[in-house]
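The lines below spell out each chain.
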Amino acid sequence: HLREHVRLARANGIASAIVTNGTMVDLTGDAPKVVDHVETARVYLDGTALVGAMDGIVRDRIRMALNGHVMVTMIIDEGGVPLGSPWADLMGLPEAGRSRKPLGDEIEEALATAIERADRKTLRDDAKIEEALRRVVRNVSMDEIGKKPEVTVIVSRLLDD
């Protein structure tokens, strides 16, 4: 748009043209004069909210669109023992990878193995569980499909009454 504005100005006999985003120009008088600069950036309309391009929201969506998303859920009982194996919900990922087996099954098998091998210290710390399971999903996905999806891990703990 700025280049087109310059072309239009020159076509209409205005010899000097200023081409910079955010430049505030005084057009009164014989020649345009720069009077100030206003910080500008890309802004997106997300529903009814304005979102800055550098806010991370757009970047997160692009990563999810390009790499997919996996949500891992597991339940731990009152004694700190996992109830069954973690399960995974896949979005935006292919059904199968290099092994030709269902990708979800491959991920869940690896998650089950990771939890079986986890020590008590790890099972007591949600942050350690989340990081371990996130790493498993990303590693299996990289091996199977050559991508590292975004991963959300939900650890639910049953409480003593």
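Above: the structure in question.
This write-up is about the structure you can find in this document.

## Focus: the overall build of the chain
Argument step 1. In terms of helices and strands, the chain carries 5 helices and 7 strands.
Argument step 2. The linear arrangement of helices and strands in the chain, starting from the amino end, is α-β-β-β-β-α-β-β-α-α-α-β.
Argument step 3. For 161 residues, the compact-globule formula gives about 15 Å, and the C-alpha radius of gyration of the chain, at 27 Å, lies well above that figure.
Argument step 4. Each principal axis of the C-alpha distribution contributes one length, and for the chain these read about 80 × 45 × 25 Å.
Argument step 5. Evaluated residue by residue, the chain yields a buried proportion of 25% over its 161 residues.

## Structural notes on the pattern of salt bridges
Argument step 1. Taken as a whole, this structure holds 7 salt bridges when the rule is applied.
Argument step 2. Close ionic contact of Asp46 with Arg61 constitutes a salt bridge, the shortest N to O distance being 3.0 Å. Of this pair, Asp46 sits in strand E3 (residues 43-46) while Arg61 sits in helix H2 (residues 57-67), and the two are 15 residues apart along the sequence.
Argument step 3. With relative accessibility at 30%, the residue Asp46 sits in the partly exposed group.
Argument step 4. Residue classification places Arg61 among the partly exposed positions, given a relative accessible area of 47%.

## What about the side chain of Thr73?
Argument step 1. Relative to the assigned elements, Thr73 resides in strand E5 (residues 69-76).
Argument step 2. For Thr73, a relative accessible area of 13% corresponds to the buried category.
Argument step 3. The contacts of Thr73, once residues within four sequence positions are left out, are Pro86, Trp87 and Ile154.

## Here's the deal with the sheet that holds strand E7 (residues 150-157)
Argument step 1. The strand order across the open sheet formed by 3 strands is E6-E5-E7, and the pairing between neighbours is mixed. The sheet is open, and its two edges are formed by strand E6 (87-91) and E7, each paired on a single side. Taken pair by pair, the neighbouring strands of this sheet meet at an average axis angle of 15°, ignoring direction.
Argument step 2. Where E5 and E6 come together, 5 bridges link them in antiparallel fashion. Bridge pairing in E6 places His69 opposite Met91.

## Some words on the packing of helix H3 (residues 103-117) against helix H5 (residues 126-145)
Argument step 1. In the contact formed by H3 and H5, the axes pass within 9 Å of each other and the chain directions differ by 140°. Taken together, the axes of H3 and H5 lie oblique to each other. H3 and H5 meet at a crossing whose hand is right-handed. Only Ile129, Leu133, Val136, Val137, Val140, Ser141, Glu144 and Ile145 of H5 make contact with H3, whose side of the interface consists of Leu103, Glu106, Ile107, Ala110, Leu111, Ala114 and Ile115.
Argument step 2. When grouped by side-chain class, the residues that make up the contact of H3 with H5 number 12 nonpolar, 1 polar and 2 charged.

About the criteria used
Residues numbered from 1 in each chain as written. Predicted model: local features only at pLDDT ≥ 70, side-chain atom pairs only at ≥ 80, totals over all residues. Heavy atoms only, no water. Helix = DSSP H or I, 4+ residues; strand = E, 2+ residues; numbered from the N terminus. Rg over C-alpha atoms; globule rule 2.2 N^0.38 Å. Buried < 20%, exposed > 50% of the residue type's maximum accessible area, 1.4 Å probe, protein only. Salt bridge = Lys/Arg side-chain N within 4 Å of Asp/Glu carboxyl O. Contact = heavy atoms within 4.5 Å. Pairing = 2+ DSSP bridges. Axes fitted to C-alpha atoms, helices over the stretch in contact; angles between N-to-C directions. Parallel < 35°, antiparallel > 145°, perpendicular 65-115°, else oblique. Left-handed = near helix turned anticlockwise from the far one by under 90°. Nonpolar A, V, L, I, M, F, W, Y, C, P; charged D, E, K, R; others polar.

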